[in-house]
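# Survey of secondary and tertiary structure
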Amino acid sequence: MTSSLSTSTSVGLDEIVERLRSVTVSHGRPELTGRMDDVQALLADTSVQVVVVGQFKQGKSALVNALVDAPVCPVDDVVATAVPTAVSWGDQPSAVLVTEFAQEETSIRTSIDPRQLRRHVTELAGETGFAGSLHAEVRLPRAFLADGLTLVDTPGVGRAQAQVSTNLTLLPHADAAIMLSDATQELTQPEMGFLRQAVALCPRVTCVVSKIDLQHQWRAIVEANLEHLAAADIDVPLLATSALLHDLAGREHDDALADEARVTALGTHLREVVREDVLAERRRSAVDDILAVCEHLMMVLQAELRALGATSGGAEVVRELEDVRDLANQLTRRSARWQQTLSDGAAELVSDIEFDLRDRLRAVGREAEKLIDDCDPGEVWDDIGSWLAESVTQAVSDNFVWAHQRSEHLAEVVARHFSLDGRAAVPELALDGTEQALRAIGGLEVVRSGRLSLGQKVMVGMKGSYGGILMFGLMTSLAGMALVNPLSVAAGLVMGGFAYRQDAQQRLEQRRNEAKHAVRRLIDESIFQVGKESRDRMGRVKRVLRDHFSAIAEDLKRSLAESVRAAKDGTALPTDERSRRAILLSRELREIRQLCERASAFTTTPPTGRELTPA
Ligand SMILES: Nc1nc2c(ncn2[C@@H]2O[C@H](COP(=O)(O)OP(=O)(O)OP(=O)(O)O)[C@@H](O)[C@H]2O)c(=O)[nH]1
Ligand SMILES: [Mg+2]
């Protein structure tokens, strides 16, 4: 067992990884070598994906174009973006349409002419006929993208409810997000709702007030938005831009106008703050892995050193070996508890999520009933239907986001079983779209409009007036008048009107009852369908976590077995070789410790200032 370690103070993280990797090779630990390969790949990855999200027509595509200084994403007053489009660096302009299938690894890639993107990524494309999800990948030779930045233009939220879900599913995989809201008005309720979800799913969200050229008072809008963010306790930077002015400034080579457009400032923020933060986090995660691998290696070295330190052949050797075995068993028991934590945690999670879903949807139901009590549902049933669809979608996606956060928390709790200081990697969890669950919900039943035809109105009135004429006619006939006389006809008219009004009230009540029943049925069905989907989803999350942590448990088991083996080997050595071996191992141990320390120093780099104000 020799090592190629040397002590140098100016060693970079890559070099530490390289050295540690060679130690894992010399120790014959392929699983640890594999982990170091992953760390190398992580450090080599400088790509940073930023998704641009926001409501419909806020200028998302125009902003992406302004940032890359090229008319790549289709911008239009009417025709909307329908397919997420990732724009990244390439030495030649190119575009590919990618269809992915959820249950399969395969995807279909079709090259297209980048100038024809409009035909493929907007509403003009129509349905693809594929069941999978579609996105486009565009490559451009632009300096702004050269160091790995990828901008993803997305369909606007708000036109189709399903879009909320598609955009939400993009967020957990993205490194950062830009949430756009134009300067024509302050952040709206739905925008705040979406922003809250975005912040929960994506670690670096930047708010952008777009189209400031349209609004003289844009600073007031920015101020108001900052207040909304503070009131909602959302701590994200907020910038203001105008893609239009940026474009104009570019064409006229007007630097002052370019400054006013502020798109360059946003670009600088993305590259210098957001990108740096992403890379720093990658470094932190690499350091965590390095420390974990060091721990595994040191465990084996320490076990052998202890065994070597024992007096040869005596009872001390046996005791040392037993100690190492004890330690091994203790650690195995500790890590065995993770399975229990995972299954208990997952069961608790399922019931909490179901409770949360029921709670949210029932609240929507109660609000709908209140609305129905205040109106004639027959007249505004379509409006109630759209309100209900929007509210159910919001409630379900809030529930999905919450479930996602809870699952991530569960992964962290399980991870604590694997290391003394709770440092173990947690897997990335995907957020499933809500559309599957929402699609399964049947529509809202129709409630009659309550409008009567002229014939029906006459019939209702006649029923009342006939009774009136008869009653008064009989009374007046006692006074010697004819059955149908002016008095009895007048009474008939009054009673006819009364009957009509009473009947209308009864029919309104009936419609309200029908409407409330329809709402209750829809809410119950939503709870059932979404609950089913939610249980399936938790099953998937549990499988991902179990596979991930089983692999970590395997590594730990291997290190423990190695420790016992190394201790045995150590005790079996003749006395004269023992001290030589002990010197070698101590040096190796010291060197690994030094690598650990140096690696740890990389996580203490001061964070870059992220506060940016638009003024
Ligand atoms: N005045 C002005 N108009 C802008 C600006 N940015 C975008 N627009 C206009 O706003 C409209 C919508 O712009 P898009 O970039 O297509 O908006 P979007 O958010 O991508 O829209 P969807 O993808 O359909 O949701 C277009 O008519 C643009 O010309 C801007 O900075 N200033
Ligand atoms: Mg667009």
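Report on the accompanying structure. Quick caveat: nothing in here was measured; it's all calculated off a predicted structure.

In this section: the nonpolar core. By size, the foremost hydrophobic cluster in this structure holds 37 residues, and its most contacted members are Val68, Val87, Ile178 and Leu270. Contributions of two or more residues to this core are made by strand S1 (48–54), helix H3 (60–68), strand S3 (94–100), helix H4 (117–121), strand S5 (133–140), strand S6 (149–153), strand S7 (176–182) and helix H10 (263–309). For this core, the element with the highest residue contribution is H10, accounting for six residues. Judged by nonpolar contacts, the second largest core, of 30 residues, contains Val53, Val152, Leu168 and Leu187.

The next subject is the site of ligand 1. Residues in contact with ligand 1 amount to 19 residues; listed here are only the nearest, Lys57, Lys60, Asp77, Thr81 and Asp213. In the environment of ligand 1, an oxygen atom lies 2.9 Å from a nitrogen or oxygen atom belonging to the backbone of Gly59. Asp77 places a polar side-chain atom, nitrogen or oxygen, 2.4 Å from an oxygen atom of ligand 1. Summarising the interface, the protein chains cover 89% of the accessible area of ligand 1, which totals 640 Å² for the free molecule. Broken down by secondary-structure element, the contributors of at least two residues to the shell around ligand 1 are H3 and helix H8 (243–252). A total of three residues in the shell around ligand 1 trace back to one element, the largest contributor, which is H3.

This brings us to the pattern of salt bridges. This model, assessed by the stated rule, comprises 28 salt bridges. Note that Asp37 is salt-bridged to Arg21, the shortest N-O span being 2.5 Å. Of the two residues, Asp37 is situated in helix H2 (residues 30–44) and Arg21 in helix H1 (residues 13–26); the sequence distance between them amounts to 16 residues. With relative accessibility at 24%, the residue Arg21 sits in the partly exposed group.

Turning to the coordination of the magnesium ion (ligand 2), a few remarks are in order. Every protein donor of the magnesium ion (ligand 2) is accounted for by Ser61 (OG) and Thr81 (OG1), and the metal-donor separations fall at 2.0 Å. In this pair, Ser61 sits in helix H3 while Thr81 sits in the loop between H3 and strand S2 (85–89), placing the two residues 20 residues apart along the sequence. The pair Ser61 / Thr81 is uniform in exposure class, with both members buried.

Taking 1.5 Å per residue, 13 residues should reach 18 Å; helix H6 (residues 189–201) reaches 19 Å between its end C-alpha atoms and fits that length. Those residues of H6 that sit buried are Glu191, Met192, Gly193, Phe194, Leu195, Gln197, Ala198 and Leu201.

Glancing now at the sheet that holds S2. Taken in spatial order, the nine strands of this open sheet run S4-S3-S5-S2-S6-S1-S7-S8-S9, and their pairing is mixed. Looking at strand neighbours, the two that pair on one side only are strand S4 (107–112) and strand S9 (238–240), the edges of this open sheet. Each neighbouring strand pair of the sheet contributes to a mean axis angle of 25°, computed without reference to strand direction. As defined by bridge partners, S2 adjoins S6 across three bridges and the pair is classed as antiparallel. Opposite Val87, over in S6, you have Leu151 as the bridge partner. Its contacts with the sheet place helix H7 (residues 218–231) against strand S8 (205–210) and S9, and it is angled at close to 165° to S9.

What follows is about unusual backbone geometry. Even without being a glycine, Lys211 presents a positive backbone phi close to 55°. Structurally, Lys211 can be placed in the loop between S8 and H7. Of note, the phi angle at Asp233 is positive, near 60°, even though the residue is not glycine. Assignment of secondary structure puts Asp233 in the loop between H7 and S9.

Conventions used here
- Residues numbered from 1 in each chain as written.
- Chains lettered and ligands numbered in written order.
- Predicted model: local features only at pLDDT ≥ 70, side-chain atom pairs only at ≥ 80, totals over all residues.
- Heavy atoms only, no water.
- Core = buried A, V, L, I, M, F, W, Y, C linked by side-chain atoms within 4.5 Å.
- Buried < 20%, exposed > 50% of the residue type's maximum accessible area, 1.4 Å probe, protein only.
- Helix = DSSP H or I, 4+ residues; strand = E, 2+ residues; numbered from the N terminus.
- Near = heavy atom within 4 Å.
- Polar contact = N/O pair within 3.5 Å; in protein donor to acceptor, adjacent residues only side chain to side chain.
- Areas by Shrake-Rupley, 256 points an atom, 1.4 Å probe, with all protein chains shown as cover.
- Salt bridge = Lys/Arg side-chain N within 4 Å of Asp/Glu carboxyl O.
- Donors = N, O, S within 2.8 Å, 3.2 Å for Na, K, Ca; no water.
- Expected span 1.5 Å × (residues − 1).
- Pairing = 2+ DSSP bridges.
- Axes fitted to C-alpha atoms, helices over the stretch in contact; angles between N-to-C directions.
- Contact = heavy atoms within 4.5 Å.

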